[in-house]
Structures are given as structure tokens and as C-alpha cells.
Amino acid sequence: MAKCSAVVTGASSGVGLAASRALASRGCDLVIAARDAARLSSVAGELSSKFNVRVRAVQADLTREDDVRRLISAAYSEFEDINVVFMSYGNPRCEPCEPLDASWDDLVDAFKMYVASSMLIMGGVASRNRSRATVILTSSFSSRAPMWPTGVSDVIRASLPALAKLVSRRYPEKLRVLVLELGSFRTPGAERLIGRLAEAEGLQAERYWQEKVASLSPLRRLGSEEELEELISWLAFSPDYLTGAVIEFDGASTPCV
């Protein structure tokens, strides 16, 4: 399998780590980014050893412009071209929170993390790449029907499909952008969120997962890491005609509207 090059954000855990594994398994050399430098370094070593690929770790906070620009520079110091960018994000600091109680800084940071960082990275790729790159922006099924605990992120992430369509149409020779709307997966971020919600309602976390999260899907279960990695591996190298599109991977959790 031919080598490829990829950039993954939020790569130290959860969805970003699953994406890193999926791309490394396809032979991609990686630049991975996250806020936790120690954890990121450990992940880089694990990926390199297991998949025999080159992995560079770059500590970066997607709410900081200087960090995002430094990530872009680091990627192009490693690669002449970038084949895949996978954007995985954290959660706004306030969540779970009432959206109208969120602070100005919470709202601005959420916009910077989800939208501004994505646009800055895509702009860097469009201006430097010689070939077309696939960019996958992660979102949630709840961005279609926002829920109060994740209302801040849901409302802001609801703009990602428009961003994907806009960029894919404007830069068809340089970028094909997809939005991956995910259902419920047991990631560290989701564990923290569900733990807080369960505590607020006086429930055990496991009961909350089963009765209020897994039950949203008619399959009555969460998505698995293996399923997620399989999908990411396919999407990254899927046909070019799949562009500017939203892929729902939610076990039919999204309600009919």
C-alpha cells in the first residue's frame, strides 16, 4: 500500500485517536495534535511502533490561532503534500450547560475550536498542497436537533455542513470536505459529560448510558471503536464524487424532522 500523509487533531484520545489508528493502518505517516503533550507523545510512539509509520506529535490548542498556524507549519515541514486532514475537537469547557448561561468566552472559544481552526487549516492546505486533500470535519447527530447539555457545541457545529459545501465547491481541485456526524460513542469526553449529567440527576453513570444515551438508537446500543475506525478508513480514500457531503453515522439516533 502506498504511503500517504495525514494530519489529525484531537488525536490523544477518543475519535481523534480512532482516526489516527485508522489512517496509520492504511500506511499514512501522521502529524497528530492535541493539548495534552505527554499523552500525545505516548500515542505517537504507540502508533509508530504498531503500524511502522512516521508520527510527529505537535501540542496544539485549536482555540489558539498561533497553535493552529504552528500545526500547519509543522505538517508542511514533514510532508510536501497532505492527503488527509481529520478534524476532531474537544468539548466547550462549560458543557453540560444551559446555552444561554454560557459565558462570552465559552461561546467565542467554541467558535474558534470548531469553525475558525477548521477554516484556517483548510486555507493552509489549499494554498500549499499540489494535489487534492480530503478533509473530514467531525460533528454530532445532535447538531441537527440540539440538546441543552451540548447546545453550545451543537449550534456552532450546525454550521459545518455549510462550510463543507462552500469549500468543496470553491476549491474542487484542492479540497474535498466531508462532515462526519457521529452518534454515541464511549469516548473520554463523552464519559465526562455523561458522568456530570448522571450526577446531576442522581443516577448511576451506567444507567444513564443505557437509559438515556444508547436508547436513542433503535439498535439500543452505542457505536463501537472498531466500526468508527472502519468507516474513517473508507471515507479517507472514498471516491472523489463524495464531496461536500454529510455522512450520518449515528445508528439512526437522529430524530425525523
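The following refers to the structure shown. (Residues numbered from 1 in each chain as written. Predicted model: local features only at pLDDT ≥ 70, side-chain atom pairs only at ≥ 80, totals over all residues. Heavy atoms only, no water.)

**Details of the pairing of strand E6 (residues 175-182)**
Most of E6 sits out of view: 8 of its 8 residues are buried. Neither face of E6 is open: one carries Leu175, Val177, Val179 and Glu181, the other Arg176, Leu178, Leu180 and Leu182, and all of them are buried. Of the pairings in the sheet, the one linking strand E5 (residues 133-140) to E6 comprises 8 bridges and is parallel in character. If you follow Ser139 over to E6, its bridge partner there is Glu181. Note: E6 against strand E7 (residues 245-249), 5 bridges, orientation parallel. (Buried < 20%, exposed > 50% of the residue type's maximum accessible area, 1.4 Å probe, protein only. Helix = DSSP H or I, 4+ residues; strand = E, 2+ residues; numbered from the N terminus. Pairing = 2+ DSSP bridges.)

**Side note on the packing of aromatic side chains**
Here the structure, examined in full by the defined rule, presents 2 aromatic pairs. Summarising the aromatic geometry, the rings of Tyr89 and Tyr114 are spaced 5.1 Å apart at their centres and angled 70° between planes, so their arrangement reads as edge-to-face. Here Tyr114 lies in helix H4 (residues 104-128) and Tyr89 lies in the loop between strand E4 (84-87) and H4, a separation of 25 residues in the sequence. Residue Tyr114 is classed as buried on the basis of its relative accessible area, which comes to 1%. Relative to Phe249, the ring of Phe185 has its centre 6.0 Å away and its plane inclined at 25°; by these criteria the two rings are stacked. (Phe/Tyr/Trp six-rings, centres within 6.5 Å; stacked < 30°, edge-to-face > 60°.)

**A few points about the sheet that holds strand E3 (residues 55-59)**
A sheet is described by the order of its strands in space; here 7 strands give the open sequence E3-E2-E1-E4-E5-E6-E7, paired in parallel fashion. Strands at the two margins of the open sheet, each flanked by one partner only, are E3 and E7. Averaged over all pairs of adjacent strands, the angle between strand axes in this sheet comes to 20°, irrespective of strand direction. Lying over the sheet, helix H1 (residues 14-25) contacts strand E1 (4-8), strand E2 (28-34), E4, E5 and E6, oriented at roughly 170° with respect to E2. Packed onto the sheet, helix H6 (residues 160-170) meets E5, E6 and E7 and runs at close to 165° relative to E6. (Axes fitted to C-alpha atoms, helices over the stretch in contact; angles between N-to-C directions. Contact = heavy atoms within 4.5 Å.)

**Regarding helix H9 (residues 225-236)**
Taking 1.5 Å per residue, 12 residues should reach 16 Å; H9 reaches 16 Å between its end C-alpha atoms and fits that length. Restricting attention to buried positions, one finds in H9 the residues Leu228, Leu231, Ile232, Ser233, Leu235 and Ala236. Each element contacted by the buried residues of H9 is listed here: H1, E4, E5, E6 and E7. (Expected span 1.5 Å × (residues − 1).)

**Focus: the pattern of salt bridges**
Taken as a whole and judged by the stated rule, the model has 21 salt bridges. Close ionic contact of Asp81 with Arg130 constitutes a salt bridge, the shortest N to O distance being 3.8 Å. Here Asp81 is found in the loop between helix H3 (65-78) and E4, whereas its partner Arg130 is found in the loop between H4 and E5, with 49 residues between them in sequence. Judged by relative accessible area, which is 62%, Arg130 ranks as exposed. (Salt bridge = Lys/Arg side-chain N within 4 Å of Asp/Glu carboxyl O.)

**What to know about H6**
Quick reminder: α-helices carry 3.6 residues per turn. Residues three or four places apart thus point the same way. Among all positions in H6, only Leu160, Leu163, Ala164, Val167 and Ser168 are buried. For H6, the arc enclosing every buried residue in end-on projection is 120°, short of the 170-degree limit, so these residues lie on one face. Facing away from the buried side of H6 by more than 90 degrees, the exposed set consists of Ala162, Leu166, Arg169 and Arg170. Next to the buried residues of H6 lie H4, E5, helix H5 (151-157) and E6. (Arc of directions from axis to C-beta.)

**Quick word on the side chain of Thr187**
Considering the arrangement of structural elements, one finds Thr187 in the loop between E6 and helix H7 (188-200). If sequence neighbours within four positions are ignored, Thr187 has contacts with Gly14 and Val15.

**Details of unusual backbone geometry**
With omega at 5°, the peptide bond leading from Glu95 into Pro96 counts as cis. Take Pro96: it is sitting in the loop between E4 and H4. We note that Asn52 has phi near 55°; this positive angle belongs to a residue other than glycine. Mapped onto the elements of the fold, Asn52 is located in the loop between helix H2 (37-51) and E3. Even without being a glycine, Ala252 presents a positive backbone phi close to 60°.

**A word on the packing of H4 against H6**
Axes are the key here: two packed helices are described by the angle between their axes and the distance separating the axes. Interaxial distance between H4 and H6 falls to 11 Å at its minimum, and their mutual angle equals 15°. As far as their axial angle goes, H6 and H4 are roughly parallel. The interaxial crossing formed by H4 with H6 has right-handed handedness. Contacts from Tyr114, Val115, Ser118, Met119 and Met122 of H4 reach H6 at Leu160, Leu163 and Val167. Counted by class, the contact of H4 with H6 contains 7 nonpolar, 1 polar and no charged residues. (Parallel < 35°, antiparallel > 145°, perpendicular 65-115°, else oblique. Left-handed = near helix turned anticlockwise from the far one by under 90°. Nonpolar A, V, L, I, M, F, W, Y, C, P; charged D, E, K, R; others polar.)

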